[in-house]
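An overview of the molecular structure
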Amino acid sequence: QVQLVESGGGLVQAGGSLRLSCAASGRTFSSHGMGWFRQAPGKEREFVAAISGSGGLTYYTDSVKGRFTLSRDNAKDTVYLQMNSLKPEDTAVYYCAAQLGRPFVPTIVADDQLYDYWGQGTQVTVSS
């Protein structure tokens, strides 16, 4: 079992920044690929970014490329999503998720059905 706890959400003005954290406990953290997804009201959950177990590979959805940066500290069992130049359309509940034993390829890391563990989510609200 892996337990995931997100933090760092909040209210920010457009153009501002937030850093989300996802702390993991349980099984060996560095064995898990980690992903971030978000869900806005009335919309389906969508992929945001993913990072491989070692941290050497990352993948982003087009709408956040150049603005969001995903990193991880395996010594602290934590992943970080640095979000800059935030836009009102980034408003959503953000979830981190862990994926074990799968190759790090876009079609797999972007599929929420292929993640094994999820956090409870943290709200991000960007005002215009």
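These remarks concern the structure in this document. Since this is a predicted model, take the numbers as computed values, not measurements.

Each value, and the rule that gives it
- Residues numbered from 1 in each chain as written.
- Predicted model: local features only at pLDDT ≥ 70, side-chain atom pairs only at ≥ 80, totals over all residues.
- Heavy atoms only, no water.
- Helix = DSSP H or I, 4+ residues; strand = E, 2+ residues; numbered from the N terminus.
- Buried < 20%, exposed > 50% of the residue type's maximum accessible area, 1.4 Å probe, protein only.
- Contact = heavy atoms within 4.5 Å.
- Polar contact = N/O pair within 3.5 Å; in protein donor to acceptor, adjacent residues only side chain to side chain.
- Phe/Tyr/Trp six-rings, centres within 6.5 Å; stacked < 30°, edge-to-face > 60°.

**Things to note about the environment of Q120**
- Here Q120 lies in the loop between β10 (117-118) and β11 (122-127).
- Relative accessible area serves as the criterion here: at 48%, Q120 is assigned to the partly exposed category.
- The contact partners of Q120, leaving out residues within four places of it in the chain, are L4, V5, E6 and Y95.

**Observations regarding the side chain of T78**
- Along the chain, the position of T78 falls in strand β8 (residues 78-83).
- For T78, a relative accessible area of 9% gives the class buried.
- Looking at T78, its side chain comes within polar contact range of the main-chain oxygen of K76, at 2.8 Å.
- T78 has contacts with S21, C22, A23, F29, R72 and D73, leaving out every residue within four places of it along the chain.

**With respect to the packing of aromatic side chains**
- All chains considered together, the criterion is met by five aromatic pairs.
- Here F37 and F47 contribute two aromatic rings whose centre-to-centre distance is 5.6 Å and whose plane-to-plane angle is 75°, an arrangement assigned as edge-to-face. Separated by 10 residues along the polypeptide, F37 in strand β4 (residues 32-39) and F47 in strand β5 (residues 46-51) bring together distant segments of the chain.
- According to the relative accessible area criterion, F37 is buried, its value standing at 1%.
- The exposure class assigned to F47 is buried, which follows from its relative accessible area of 9%.
- Both rings, one in F37 and one in Y115, keep their centres 5.1 Å apart while their planes meet at 85°; by these two values the pair is edge-to-face. In this pair, F37 is assigned in strand β4 and Y115 in the loop between α1 (106-109) and β10, connecting sequence segments 78 residues apart. Across the pair, Y115 and F37 agree in class, each one buried.

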